[in-house]
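Structural overview for review
In case you want the letters, here they are:
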Amino acid sequence: MATTFDIQLPHYPRGFHLITRDILSLLPDLPENGLLVVFIKHTSAGITINENADPDVRHDFNTFFNKLVPDGAPYFVHTLEGPDDMSAHIKASLIGTSVSIPIRNHRLNLGTWQGIYLCEFRDGGDKRKLSITILE
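The structure presented is a predicted model; accordingly, all values stated were derived computationally and were not measured. (Residues numbered from 1 in each chain as written. Predicted model: local features only at pLDDT ≥ 70, side-chain atom pairs only at ≥ 80, totals over all residues. Heavy atoms only, no water.)

1. A look at the packing of helix H2 (residues 55-68) against helix H3 (residues 85-95)
Interaxial distance between H2 and H3 falls to 10 Å at its minimum, and their mutual angle equals 120°. Here H3 runs oblique to H2, going by the angle between their axes. When the axes of H2 and H3 are compared, the crossing they make is right-handed. Contact residues: H2 offers Phe65, Asn66 and Leu68, while H3 offers Lys91, Leu94 and Ile95. Tallied by class, the residues present in the contact of H2 with H3 amount to four nonpolar, one polar and one charged. (Axes fitted to C-alpha atoms, helices over the stretch in contact; angles between N-to-C directions. Helix = DSSP H or I, 4+ residues; strand = E, 2+ residues; numbered from the N terminus. Parallel < 35°, antiparallel > 145°, perpendicular 65-115°, else oblique. Left-handed = near helix turned anticlockwise from the far one by under 90°. Contact = heavy atoms within 4.5 Å. Nonpolar A, V, L, I, M, F, W, Y, C, P; charged D, E, K, R; others polar.)

2. Some thoughts on H2
At 3.6 residues per turn, the α-helix brings residues three or four places apart onto the same side. Its 14 residues give H2 an end-to-end C-alpha distance of 20 Å, which sits within 8% of 20 Å, the value for a rise of 1.5 Å per residue. The N-capping residue of H2, defined by a side-chain oxygen 2.9 Å from the backbone nitrogen of Asp56, is Asp54. (Expected span 1.5 Å × (residues − 1). Polar contact = N/O pair within 3.5 Å; in protein donor to acceptor, adjacent residues only side chain to side chain.)

3. Quick look at the sheet that holds strand S2 (residues 15-18)
The three strands are arranged S2-S7-S4 in an open sheet whose pairing can be described as antiparallel. Among the strands making up the open sheet, the edge pair consists of S2 and strand S4 (45-51). Put simply, the sheet's adjacent strands are angled 35° from each other on average, direction ignored. Judged from the seven bridges that link them, S4 and strand S7 (residues 114-120) form a sheet pairing that is antiparallel. Looking across to S7, one finds that Ile47 is bridged to Leu118. Its contacts with the sheet put H3 on S2, S4 and S7, and the angle it makes with S4 is roughly 45°. (Pairing = 2+ DSSP bridges.)

4. Describing the sheet that holds strand S1 (residues 2-8)
The strand order S1-S8-S3-S5-S6 describes an open sheet built from five strands, whose pairing is antiparallel. The sheet is open, and its two borders are formed by S1 and strand S6 (107-108), each paired with just one other strand. Relative to strand S5 (residues 98-104), strand S3 (residues 33-40) runs antiparallel, the two sharing seven bridges. In the sheet register, Asn33 faces S5, and the bridge partner there is Arg104.

5. Section: H3
Looking only at H3, the buried set comprises Asp85, Ser87, Ala88, His89, Lys91, Ala92 and Ile95. On its buried face, H3 is in contact with S2, S4, H2 and S7. Two residues or fewer past H3, Gly96 is found with a positive phi of approximately 110°. (Buried < 20%, exposed > 50% of the residue type's maximum accessible area, 1.4 Å probe, protein only.)

6. Digging into the layout of surface pockets
In this model, the largest pocket occupies a volume close to 280 Å³. Along the walls of the largest pocket sit 14 residues, with Thr20, Arg107, Leu108, Leu110 and Gln114 positioned nearest its centre. Of all the elements in the fold, those that place two or more residues in the lining of the largest pocket are helix H1 (20-25), S6 and S7. In terms of residue count, the dominant contributor to the lining of the largest pocket is H1 (three residues). (1 Å grid on protein atoms, 1.4 Å probe; cavity = no way out; pocket = protein on both sides within 12 Å on 5 of 7 lines; lining within 4 Å. Points joined across faces, edges and corners; volume = space filled by probe spheres on them.)

In structure tokens, the structure reads:
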């Protein structure tokens, strides 16, 4: 059996943000066992799982991606929505649009140091919509 919920996150500035608690606070109780799939419904932000403890990890991710794919690169043709738009699309494709997490004993079966990240790649990113599917 599968149940799907659409949720909306508040606005986050550009960067990497832990949203595990945000997601869980908007969902009903999780089943005893299953799978949680989180899908972001945008092309300029991504979803990933990584370290949830040291905020330096989030800073370093942001620094790395901004150097890897700089805003306003002169070779970008898609520029109608501003200098951060095409770079955001590329970064979102590199990170990806979904994660799958096992559910065990009514909890996300994440590792001790793992959390779900919203990767916001736009300076003026809007509230982001997620589609959450719970498979039992």
